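Fold and contact review
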Amino acid sequence: MGDIHEVPRPRIAAEQLAQHIGRPVCFVGRVMKIHSSGKIVVLTDGLGRHTTVELSEPLEEEFSGVIEVVGRVTNQATIMCVSYVQFREDKSPFDLELYNEALKIIHDFPEYYPFG
Amino acid sequence: GGYTQSPGGFGSPGGAQGEKKQRSRSQNIVPCTVSQLLAAEQVDESFRICDVEISQVTIVGIVRHAEKAPTNILYKVDDMTAAPMDVRQWVDTDEAGGENVVVPPGTYVKVAGHLRSFQNKKSLVAFRIMPLENMNEFTTHMLEIVNAHMILRKNLTSASKVPQSFSSTGISGMGGYGGGGSLPVNGLTMHQSQVLNLIKSCHSPEGVSLQDLKAQLHSMSASTIKQAVEFLSSEGHIYSTVDDDHYKSTDAD
């Protein structure tokens, strides 16, 4: 899977992509649109903002769940994904808005939630 | 008096009681990030993150790697804050079935365990590894980390400099974290608050016994009460008097 998993990958929301160009990040979002190749997807974060991600492996057509992407931010503020996982929602739906609230908190208090 | 230098004892020369306080302090389980654990400094037998002592911790992350050996399973758990952390789970070789099931890579888990350092490499010895069934628990864990470390660090700076030392019976103003209107009340669960309030309301010299607490708190089981008492004791809200079953509040008037 490469070196990217050995370094800190800050969790960010869509509005912070521009500040992380070229850097490894972790992004969580719900799949809104899947390109026919299955590899380009548009994710929405907890604030409803869209992000385009180029996946390492194609997603199946009908997938509409939440995925967590590890990758690097491109110059166009999209994400080149190195790996991703699906969040299970078989027992309970994932509250993406709550996750965005949590992101605000960890960004406001980096001394209590350090990346690296 | 003879108690002034005692680190935690009340009523004893400080040996046995001091050790007991030490043990109950490290019975708190602190939610952490892997980055915090890697940055923790080792001081003798214990670890500190920004001066907050930690021993038992929880982390939430994704299993990147799982390797089964005869006596243990070695996982690498990744929470994105640093490189994945080694988590070792000892396997009961006599027991067949459930205990020895390996959690597959790609699964999000919550790990509870002890922090260890060997040849300068940190790892966790897990006593519990649970796959997350509800991913909202992962979000909750992030919030709990910020909350716990914020409260623990603030307790250190606002409390008196010798937290677990009670220099004499007469002075209650020197009580550890409980005095001075600092944060702790907000950090207590409902059960802990109920137990503390009952103990505070008692004015007899030997304090409230665990039996008294059980008799008055019908909704709480004996083990819940005991856990609350241990937590309150290690945080400095209460202290034991004639024996380990009797407690008084450091805030009592």
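Residues numbered from 1 in each chain as written. Chains lettered and ligands numbered in written order. Predicted model: local features only at pLDDT ≥ 70, side-chain atom pairs only at ≥ 80, totals over all residues. Heavy atoms only, no water.

A separate point is the packing of aromatic side chains. The geometry of two aromatic rings is summed up by the distance between their centres and the angle between their planes. With the rule as written, the count across this model stands at nine aromatic pairs over all chains. Judged by centre distance (4.9 Å) and plane angle (85 degrees), the ring pair of Phe-87 of chain A and Phe-94 of chain A falls under edge-to-face. Judged by relative accessible area, Phe-87 of chain A falls into the buried class, the value being 4%. According to the relative accessible area criterion, Phe-94 of chain A is buried, its value standing at 5%. The interplanar angle of 55 degrees and the centroid separation of 5.3 Å between the aromatic rings of Tyr-108 of chain B and Phe-138 of chain B together place this pair among those described as tilted. Residue Tyr-108 of chain B is located in strand β8 (residues 108-118), and its partner Phe-138 of chain B is located in helix α3 (residues 136-158); the two are separated by 30 residues in the primary sequence. (Phe/Tyr/Trp six-rings, centres within 6.5 Å; stacked < 30°, edge-to-face > 60°. Buried < 20%, exposed > 50% of the residue type's maximum accessible area, 1.4 Å probe, protein only. Helix = DSSP H or I, 4+ residues; strand = E, 2+ residues; numbered from the N terminus.)

Before going further, it helps to examine helix α5 (residues 190-200) of chain B. Along α5 of chain B, the residues that are buried comprise Gln-192, Val-195, Leu-196, Leu-198 and Ile-199 of chain B. Buried residues in α5 of chain B, looked at end-on, bunch into an arc of 160 degrees, giving them a common side. (Arc of directions from axis to C-beta.)

Residues and elements named next belong to chain B. Looking at chain direction, strand β5 (residues 56-68) and β8 are connected through seven bridges and run antiparallel. Across the sheet, Val-57 pairs through a bridge with Gly-113, a residue of β8. In terms of strand pairing, β8 meets strand β9 (residues 121-131) through 10 bridges, oriented antiparallel. Counterpart to Leu-115 in the pairing with β9 is Leu-124. (Pairing = 2+ DSSP bridges.)

Residues and elements named next belong to chain B. Strand order in this open sheet of three strands is β10-β12-β11, and the pairing throughout is antiparallel. Strand pairing shows two members of the sheet lacking a second neighbour, β10 (208-209) and β11 (238-240), which therefore form its edges. Bridging between β11 and strand β12 (residues 246-249) involves three bridges; their strand directions are antiparallel. The residue of β12 that forms the bridge with Ser-240 is Tyr-247.

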